[in-house]
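# Structure at a glance
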Amino acid sequence: MTRPVVVGSGIAGLWASWRLASGGHPVLLLTKGALGDSASAWAQGGVAVALAPGDSPTLHAADTIAAGGGINDPEAVRILTTEGPDRIRELVALGAEFDRGPDGQLRFGLEAAHSRHRIIHADGDRTGAAMVRALIAVVQHLPTVEVREHAEVRRLSRVGGRIAGVEVVTAAAGRESRVEVIPARDVVLATGGVGQLYAVTTNPETATGDGWALADEVGAELRDLEFLQFHPTALRLRGVNPAPLVSEAVRGAGAHLVDWTGQRFTLEFDERAELAPRDVVARAVEYAVSEGGAFLDARPLADFAERFPGIHAMLARHGLDPARQLIPVAPALHYAMGGVLTDLDGRTTVPGLWAIGEVASTGVHGANRLASNSLLEGLVFADRAARALADELAAPPPAGTAPAFEPGPPDAGADAGGPATGIRAAMRAIMTGMVGLSRTEGSLEQALHDLAALEAAVPGGAWRTRHQLRVARLIARSALARRESRGGHRRIDFPPADQPRIEPEPLGLD
Ligand SMILES: Cc1cc2nc3c(=O)[nH]c(=O)nc-3n(C[C@H](O)[C@H](O)[C@H](O)COP(=O)(O)OP(=O)(O)OC[C@H]3O[C@@H](n4cnc5c(N)ncnc54)[C@H](O)[C@@H]3O)c2cc1C
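The text that follows walks through the structure, step by step, so that each part is easy to find.

### Digging into the overall build of the protein
Summing up its helical and strand segments, the protein has 13 helices and 17 strands in all. By the burial criterion, 56% of the 510 residues in the protein qualify as buried. Of the contacts made within the protein by residues no fewer than 6 positions apart, 72% connect residues no fewer than 24 positions apart. Of the roughly 20,200 Å² of accessible surface on the protein, 53% is carried by carbon and sulfur atoms. For the protein, the distance from the average site of its 50 positive side-chain charges to the average site of its 61 negative ones is 2 Å.

Right under this line is the structure:
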């Protein structure tokens, strides 16, 4: 009962498990795929951290706030940027290796909207994989962390106002899945993002918004769900899901975006053309896609294969040769800025329920995420949540909290059937078309109407589909409620204006 359950094995879940276990607290780590299945393992660009000579947490904080559309929580940003360097030093001590120059010092890259070189990488563009690998090795050697793979949390139990346990569906190859209810007074959601709710996404198949659905079901407050970040140039090929990124660096090297007639089109949207801010380019690409198609023309880059070996190999796997062919692209859902509302130590509004990483809304990102801040957020706030949880575990346990329900029926596979698959495809089309890069009151109302119709048609037992529709509806409702354009939320009926800073509201945790 007192053993915390951590749900998810990305950077946030792994770090929290390690921190709790290293403080002497046994942990149960549940993850719905294999231990290494997460968006964290896919992160390419790197980690933003103020460790370079001439840089400082204050400068990093200023850049984070400048990107955030005026609604970051300055205290959360201060914590991110001041505690980040120590977390990276600890990660290095745990065995993670970041790229270094010939002098043995960390190498710092520059990314859009950062005023200093502060992005560290591992294995070039395999930063997330290296970080996750190091943490998995640590966690697997800790006898106090019990890891269960292919264990998917289906429900949370809340009794008397407090979390009391989780219902877990464990898949066993070739056998009927097992369902059990695990009592727990503390559950840490580290379930990642929501990309799979959209037709084109860079997120892995595990990113289905489960944490938002689970938290909403037990009455936890969610915030800022309308703020979503789209990457402008993901590879768009029928049946390729997730969509691989074709990095901004390719445009930086001189590749042009062209429409289906071969004409450049970004200049019509912004004088900076292909190198305008991400959301501007993404909207231009979306427009071209709706008119017939958008393509990256990298044919003028004679040294493409040498400069971008990873992307070149990825394109080759899909039968594309950038020296001869245009690369079909589309904007892809990449990152969720909002999520389950937490205080600065990961507590949600439901006692015993914690949220860390992309599933959470700590206030760090505001309306738009500064590139490479999310891995750092995962480390910093997972660490704070684990420490705060450890302190609570030292106190006498709260009274009488056995889970409120018995295990439900086994998973009959209804989500994999034709009707549920069709419903999720329709949901993704609705989200991309009506709750995507550009929204209006009309599109959002239509989306809510259409999502409700889909919900009514969900076959019995298709709980994953039901969860996803619940989250889709929450996003559409939030987007309808925010009657302005800000950061990652663009309302065509409310053009961007000068936006005053909005101070964050007090949390009012019970
Ligand atoms: C292609 C790509 C490139 C990126 N590049 C960068 C970058 O360079 N720098 C950066 O800072 N950020 C980057 N990001 C964003 C960053 O990777 C994520 O925001 C971050 O890794 C999220 O970490 P997390 O631990 O919160 O979630 P994740 O890493 O997504 O992990 C979530 C975990 O929860 C599990 N899970 C989900 N639902 C359940 C359930 N119901 N039951 C049990 N387990 C469940 C999943 O299986 C998974 O293990 C990138 C993202 C993508 C997709």
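Anyway, onward from the coordinates.
### Examining the site of the ligand
In the vicinity of the ligand there are 37 residues, among which Ser40, Gly45, Gly46, Glu358 and Ser374 approach most closely. Contact distances for the ligand include 2.9 Å between an oxygen atom and a backbone N or O atom of Asp37. Take Ser40: an N or O atom from its side chain is 2.5 Å from an oxygen atom of the ligand. Considered on its own, the ligand offers 1,000 Å² of accessible surface; in the complex 97% of this is hidden by protein. Those elements that provide at least two residues to the shell around the ligand are helix H1 (11–22), strand S6 (151–159), strand S14 (327–336) and helix H10 (374–394). Considering every element that reaches the shell around the ligand, the biggest residue donor is S6, with three residues. For the shell around the ligand, the per-class residue count stands at 12 nonpolar, 19 polar and six charged.

### Considerations on unusual backbone geometry
Each neighbour pair has its own omega, and for Asn241 with Pro242 the value is -5°, a cis peptide bond. Mapped onto the fold, Pro242 is located in the loop between strand S11 (228–235) and helix H6 (248–252). The phi dihedral of His150 falls on the positive side, at around 55°, and the residue is not glycine. Within the secondary structure, His150 sits in the loop between strand S5 (145–148) and S6. One non-glycine residue with positive phi stands out, namely Asp224, at about 60°. Along the polypeptide, Asp224 turns up in the loop between strand S10 (222–223) and S11. Residue Asp224 is classed as buried on the basis of its relative accessible area of 17%.

### Structural notes on the pairing of S6
On a regular strand, each side chain points to the face opposite its neighbour's, so the side chains alternate between the two faces of the sheet. As judged from the eight bridges shared by S6 and strand S7 (residues 162–172), these two strands associate in the antiparallel manner. Residue pairing in the sheet places Val159 in a bridge with Arg162 of S7. Connecting the antiparallel pair S6 and S7 is a turn made up of two residues, with Gly160 showing a positive phi of about 55°.

### As for the pairing of strand S2 (residues 27–30)
Residues of S2 alternate between two faces, with Val27 and Leu29 on one and Leu28 and Leu30 on the opposite face, all of them buried. Relative to S2, strand S1 (residues 5–7) is paired through three bridges, and the arrangement is parallel. Within S2, the residue paired with Val6 across the bridge is Leu29. With four bridges joining them, S2 and S5 adopt parallel strand pairing. Note that in S5 the partner of Val27 across the bridge is Val145.

### A short note on the pattern of salt bridges
The tally for this structure, following the rule as stated, stands at 43 salt bridges. A salt bridge links Asp55 to Arg118, with the shortest nitrogen-to-oxygen separation between them at 2.8 Å. With Asp55 in the loop between strand S3 (47–48) and helix H2 (57–67) and Arg118 in the loop between helix H3 (74–93) and strand S4 (119–120), this residue pair connects regions lying 63 residues apart in the sequence. As far as the burial class goes, Asp55 and Arg118 line up, both buried.

### Quick look at the sheet that holds strand S15 (residues 339–341)
The mixed open sheet is built from three strands, whose spatial order is S10-S15-S17. Two strands bound the open sheet, and with one partner strand each, they are S10 and strand S17 (360–361). With two bridges joining them, S15 and S17 adopt parallel strand pairing. Paired with Val340 across the bridge in S17 is Ala360. Packing of helix H5 (residues 210–217) onto the sheet brings it into contact with S10 and S15, and relative to S15 it is tilted by some 40°.

### Details of empty space enclosed by the protein
What the rule picks out here adds up to one cavity of 30 Å³ or more. Considering only enclosed or pocket space, the largest cavity measures out at about 30 Å³ in volume. Asp224, Met337, Ser361, Gly363, Val364, His365 and Gly366 are the residues that line the largest cavity. Across the lining of the largest cavity, the residue classes tally to two nonpolar, four polar and one charged.

### So, the nonpolar core
In this structure, Trp212, Leu353 and Ile475 are the most contacted members of the largest nonpolar core, which totals 58 residues. Leaving out residues up to four positions away in the same chain, Trp212 has contacts with Val194, Leu222, Leu225, Ala336, Gly338, Gly339, Val340, Val359, Val471 and Ile475. Counting residues in hydrophobic clusters, the runner-up holds 54 residues, among them Ala16, Val27, Ala41 and Ala130.

### Focus: the packing of H1 against H3
Put simply, H1 and H3 touch, their axes get as near as 13 Å, and they point 80° apart. Classified by the angle their axes make, H1 and H3 are roughly perpendicular. On the side of H1, the interface is formed by Trp15, Trp18 and Arg19, while H3 contributes Arg87, Glu90 and Leu91. Looking at the contact of H1 with H3, its residues break down into three nonpolar, no polar and three charged.

### Some thoughts on the sheet that holds S5
As summarised here, the arrangement of the five strands in space is S5-S2-S1-S9-S16, forming an open sheet in which the pairing is parallel. Each having just a single partner strand, S5 and strand S16 (353–355) make up the two edges of the open sheet. Here the average twist between neighbouring strands, direction ignored, is 20°. Pairing between S1 and strand S9 (residues 187–189): three bridges, direction parallel. Residue pairing across strands places Val6 opposite Val188, the latter belonging to S9. Contacting S1, S2 and S5, H1 crosses the sheet at an angle of about 165° to S2.

Conventions and cut-offs
Residues numbered from 1 in each chain as written. Predicted model: local features only at pLDDT ≥ 70, side-chain atom pairs only at ≥ 80, totals over all residues. Heavy atoms only, no water. Helix = DSSP H or I, 4+ residues; strand = E, 2+ residues; numbered from the N terminus. Buried < 20%, exposed > 50% of the residue type's maximum accessible area, 1.4 Å probe, protein only. Contact = heavy atoms within 4.5 Å. Areas by Shrake-Rupley, 256 points an atom, 1.4 Å probe, with all protein chains shown as cover. Lys, Arg positive; Asp, Glu negative; His and termini not counted. Charge placed at Lys NZ, Arg CZ, Asp CG, Glu CD. Near = heavy atom within 4 Å. Polar contact = N/O pair within 3.5 Å; in protein donor to acceptor, adjacent residues only side chain to side chain. Nonpolar A, V, L, I, M, F, W, Y, C, P; charged D, E, K, R; others polar. Pairing = 2+ DSSP bridges. Salt bridge = Lys/Arg side-chain N within 4 Å of Asp/Glu carboxyl O. Axes fitted to C-alpha atoms, helices over the stretch in contact; angles between N-to-C directions. 1 Å grid on protein atoms, 1.4 Å probe; cavity = no way out; pocket = protein on both sides within 12 Å on 5 of 7 lines; lining within 4 Å. Points joined across faces, edges and corners; volume = space filled by probe spheres on them. Core = buried A, V, L, I, M, F, W, Y, C linked by side-chain atoms within 4.5 Å. Parallel < 35°, antiparallel > 145°, perpendicular 65-115°, else oblique.

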